[in-house]
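Descriptive structure summary
Here are the chains, one letter per residue:
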Amino acid sequence: MKKENNPSKVTKLTQNKEEGQTRIIFLDYVSGKPVDPRVLEAMNPYHREIFGNPSSLHIFGDPPVEAMEDARKKVADLIGAKDPKEIVFTSGATESNNLAIKGVAFRNQNKGKHIIISAIEHISILNITKYLEKFGFKTTRVGVDKYGTVELDKLEKQIKPETLLISINYANNEIGTIEPIKEISKIAHDQNISLHVDAVAAEGLIPIDVQKDGIDLLTLSSNDIYGPRGIGALYIKTGTMIEPIIHGGGQERGLRSGTEDIPGIVGLGKAAEIAKNEMEKDSTGIQKMRDRIINTVLGTIDHSYLNGHPTQRLPNNAHFRFDYIEGEAILLGLNMKGIAVSTGSACAAKRLEASHVLIATGLLKEEAHGSLELTLGKYNTEEDVDYFLEVLPQVIDRLRKLSPLTPKREE
Ligand code: PMP
């Protein structure tokens, strides 16, 4: 893989000096990604040289407008949007989710006040719909099967005449399960309901085509495709009625006021272009490494299981469960050896609660607590995988020897 771009060479991350250990391996790409150097290069001129405000009528206003429209086209191309005008730039995925759900809800409430989401949506979706309850909206959380796949018959049964929106993630950010979006779209559109899809976990890893998939609103984040943080986008299909949630000077066709972050937008555009051109190659390499991890772990560590779908899963995701020990303990054991992994969503990491995603797939709380999430990225190497596979069994073995839950071997 592209070693010359490997950000771990320049990182000031907690260099673990214990036992002379300096190797650092990042297997938590879902929590954040280093910006691709080509993206930084594209952004650079827009900090000092091309600094104008796109709303200005003088000559300084034109180049940023051109750059912004070029970026809009690149984002539209990544997701197969018909018209770049269908892309609205936001500050990130949380804002895009807010604009999509509150925007559709407030604008179309005369139709009804019922929203359907899946039980495994990101916390931002859960909390937006909770907030909407204050305004009389009701939300149904539709269940998933043991793999985390939305159950279509259950979804269909939850639809009411007053249902105005269905919101389902393209793929789940914790367990990597890819949802049957085309089928969900058909169910929604047969009943004249809009479909919003949070594509943050899937973008840049698997092809997304809003027209073929039948998506009305799609949330994108820049950092999840190696772009800068603090910028994102919402795809809004032409004809979808939506109310702005940020009011001001009327930028972004009145849908998202506020002076545009041109360097961020240029960065997102460049990241989208790279993702479109290199996704297939990068995802093939990532999946090969990921499959080696899954096969070796399941094949060599007793009482280990894979969470999520065996095949309908994102190429970067490996999510395990180990009997008798806690995920946090494994995480800390690996961290001591310089390997960064996760036990679930970084957004909920501090609460130390069992993941709502794992619970929705039917795991018991103690099983959910024994889980470990690895997400690979384009800067990982086969050597990273070698090292991880060498260290993990040692960590698990040590913890199981200490755990009172581990059954004693018969002498
Ligand atoms: N949706 C999903 C699926 C996510 O994983 C995240 C977090 N990366 C978000 C939304 C929110 O993203 P942000 O915190 O960048 O707004």
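Analysis parameters
Residues numbered from 1 in each chain as written. Predicted model: local features only at pLDDT ≥ 70, side-chain atom pairs only at ≥ 80, totals over all residues. Heavy atoms only, no water. Helix = DSSP H or I, 4+ residues; strand = E, 2+ residues; numbered from the N terminus. Rg over C-alpha atoms; globule rule 2.2 N^0.38 Å. Buried < 20%, exposed > 50% of the residue type's maximum accessible area, 1.4 Å probe, protein only. Pairing = 2+ DSSP bridges. Axes fitted to C-alpha atoms, helices over the stretch in contact; angles between N-to-C directions. Contact = heavy atoms within 4.5 Å. Domains from an automatic or database assignment. Buried area = accessible area lost by both parts, 1.4 Å probe. Salt bridge = Lys/Arg side-chain N within 4 Å of Asp/Glu carboxyl O. Nonpolar A, V, L, I, M, F, W, Y, C, P; charged D, E, K, R; others polar. 1 Å grid on protein atoms, 1.4 Å probe; cavity = no way out; pocket = protein on both sides within 12 Å on 5 of 7 lines; lining within 4 Å. Points joined across faces, edges and corners; volume = space filled by probe spheres on them.

Along the backbone of the chain there are 13 helices and twelve strands. What you see for the chain is a C-alpha radius of gyration of 22 Å, in line with the 22 Å of a compact globule of 411 residues. Expressed as lengths along the three principal axes of its C-alpha atoms, the size of the chain is roughly 80 × 55 × 35 Å. Out of the 411 residues belonging to the chain, those deemed buried represent 54%.

Further remarks concern the sheet that holds strand β10 (residues 317–322). Spatially, three strands are ordered β9-β10-β12 in an open sheet, and the strand pairing comes out antiparallel. Only two strands of the sheet have a single partner each, and these edge strands are β9 (304–306) and β12 (371–375). Strand-to-strand, the axes of this sheet are offset by a mean angle of 25°, without reference to chain direction. Two strands pair when backbone bridges link them, and β10 and β12 are joined in this way by five bridges, in the antiparallel orientation. When the sheet's bridge partners are listed, H319 is paired in β12 with E373. On the sheet, helix α9 (residues 262–300) packs against β9, β10 and β12 and is oriented at approximately 15° with respect to β10.

Here we take up the pairing of strand β6 (residues 194–198). With five of its five residues buried, β6 lies for the most part within the structure. Burial along β6 is two-sided: S194, H196 and D198 facing one way and L195 and V197 facing the other are all buried.

Before going further, it helps to spend a moment on the domain arrangement of the chain. The assigned domain composition of the chain is domain 1 (11–35 + 279–402) and domain 2 (39–274). Just the C-alpha atoms count here: the centres of domain 1 and domain 2 sit 28 Å apart. At the junction of the two partners, domain 1 supplies 35 residues and domain 2 supplies 36 residues. Taken together, both faces of the contact between domain 1 and domain 2 bury some 2,900 Å²; the carbon and sulfur share is 62%. Interface area lost by domain 1 to domain 2 is led by V35, M279 and L314, which between them contribute 23%. Where domain 1 touches domain 2, the interface holds one salt bridge. When the shortest N-O distance is used, the salt bridge between D224 and K33 registers 3.8 Å. Put simply, the parts of the chain that give the side of domain 1 that touches domain 2 at least two residues each are α9, β10 and α11 (356–360). A total of four residues in the side of domain 1 that touches domain 2 trace back to one element, the largest contributor, which is α11. Broken down by class, the residue content of the side of domain 1 that touches domain 2 amounts to 14 nonpolar, 16 polar and five charged.

All right, on to the sheet that holds strand β3 (residues 114–118) then. Ordered in space as β2-β8-β7-β6-β5-β3-β4, the seven strands form an open sheet in which the pairing is mixed. Among the strands making up the open sheet, the edge pair consists of β2 (87–90) and β4 (138–142). Across the sheet, the mean angle from the axis of one strand to that of its neighbour is 20°, orientation sign disregarded. Against the sheet, helix α7 (residues 181–190) contacts β5 (163–169) and β6, and its axis sits at roughly 155° relative to β6.

Looking now at empty space enclosed by the protein. Applying the stated criterion across every chain yields a total of two cavities of 30 Å³ or more. Around the largest cavity, the lining comprises 26 residues; the ones closest to its centre are E203, G204, L205, D224 and Y226. The leading source of residues in the lining of the largest cavity is α9, at seven residues. In the lining of the largest cavity, the residues fall into 13 nonpolar, six polar and seven charged. By volume, the second largest cavity amounts to about 30 Å³. If you go around the second largest cavity, the residues you meet are L78, I79, E203, G204, I206, P207, I208 and M279. Here the residues of the lining of the second largest cavity are counted per class, giving six nonpolar, one polar and one charged.

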